[in-house]
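Descriptive structure summary
The primary structure of each chain is shown beneath.
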Amino acid sequence: MSNYDIFIGETTGTALLVLLGGGVVAAVTLKRSKARNAGWVAISFGWGFAVMVGAYLSAPISGAVLNPALTVGLAVEGGVKWGDVPLYIGSQMLGAMIGAFLVWVTYLGQFKAHLTDPEILAAQPSVEGLVDQKAAPKAGPALGVFSTGPEVRNVAQNVLTEIIATFVLVIAVLTQGLNDSGNGLGTLGVLITSFVVVAIGLSLGGPTGYAINPARDLGPRIVHALLPLPNKGGSDWSYAWIPVVAPLIGAALAGGYYNLALA
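All values reported here derive from a predicted model rather than from experimental measurement.

This part covers the packing of helix α1 (residues 3-29) against helix α4 (residues 85-106). Interhelical geometry of α1 versus α4 gives an angle of 35° and a closest axis separation of 6 Å. Relative to α4, α1 is oriented so that their crossing is right-handed. Here the residues of the contact of α1 with α4 sort into 14 nonpolar, 10 polar and 1 charged.

Here it is, written out as structure tokens:
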């Protein structure tokens, strides 16, 4: 696998993942979308199928990692060379930003309708109107299309939630094929991983929105900060470190546990 293969596979696969994943959130969230209010189940399955599409495309090219946390977990386990980790993560970040930009292009009209709607804007509490200034909203009315945020803002709980969810993802990926002489499940493994993502969304996604992927969260958050979105509000940078650091910890723990207990 050449550096070019890694770059093309991871950039393209992650772009598709974020385009389809962010796209389902936009479809469910934004005004004037035919899928508005379709709900959390639609979002969970949408993200799972987004993983499937991105992974099937990139699997024969770069191995379909598509996630800096999984990259670290595989490096700890030994499936990815530590020297290749920066290229994987850089490619995934670029792909995530491209995918987020394409979500914006696809939903241009809906973003405008949503972010200029008086009802939506009125629902955003002003800092001056809050008794507790520390509780001031850090996220704009469409940030959820691009990145995650907690329902209950508690650092310890939010970090732990993302660690647990990412551990589940990475250990599920690493243990595929343990009963098949360690040869893995091939293309079937991509489908299984996609349904693991659906399961995580349905079961563990409620508290924080289950980033479980630093590139999927940070790349689109940067795009949100740069795009000319009207009334977009902040990008919640005070929270942004959690969906980056916590998944990396969870993935490293999963890789270590696999080596100690399952390899």
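All right, on to the pattern of salt bridges then. Counted under the stated rule, the structure contains 4 salt bridges. In this structure, Lys-31 and Glu-119 form a salt bridge, with 3.6 Å as the shortest nitrogen-oxygen distance. Placement of Lys-31 in the loop between α1 and α2 (40-62) and of Glu-119 in helix α6 (residues 118-122) is noted, with a sequence separation of 88 residues between them. Among the residues examined, Glu-119 registers a relative accessible area of 57% and is labelled exposed. In this structure, Arg-153 engages Asp-236 in a salt bridge whose closest nitrogen and oxygen atoms are separated by 2.9 Å. Linking Arg-153 in the loop between α7 (143-146) and α8 (155-174) with Asp-236 in the loop between α10 (214-226) and α11 (242-262), this pair joins segments that are 83 residues apart in sequence. Given a relative accessible area of 47%, Arg-153 falls into the partly exposed group. Its relative accessible area of 3% is what places Asp-236 among the buried residues.

Parameters at a glance
- Residues numbered from 1 in each chain as written.
- Predicted model: local features only at pLDDT ≥ 70, side-chain atom pairs only at ≥ 80, totals over all residues.
- Heavy atoms only, no water.
- Axes fitted to C-alpha atoms, helices over the stretch in contact; angles between N-to-C directions.
- Helix = DSSP H or I, 4+ residues; strand = E, 2+ residues; numbered from the N terminus.
- Left-handed = near helix turned anticlockwise from the far one by under 90°.
- Nonpolar A, V, L, I, M, F, W, Y, C, P; charged D, E, K, R; others polar.
- Salt bridge = Lys/Arg side-chain N within 4 Å of Asp/Glu carboxyl O.
- Buried < 20%, exposed > 50% of the residue type's maximum accessible area, 1.4 Å probe, protein only.

In short, shape yes, function no, at least from these values alone.
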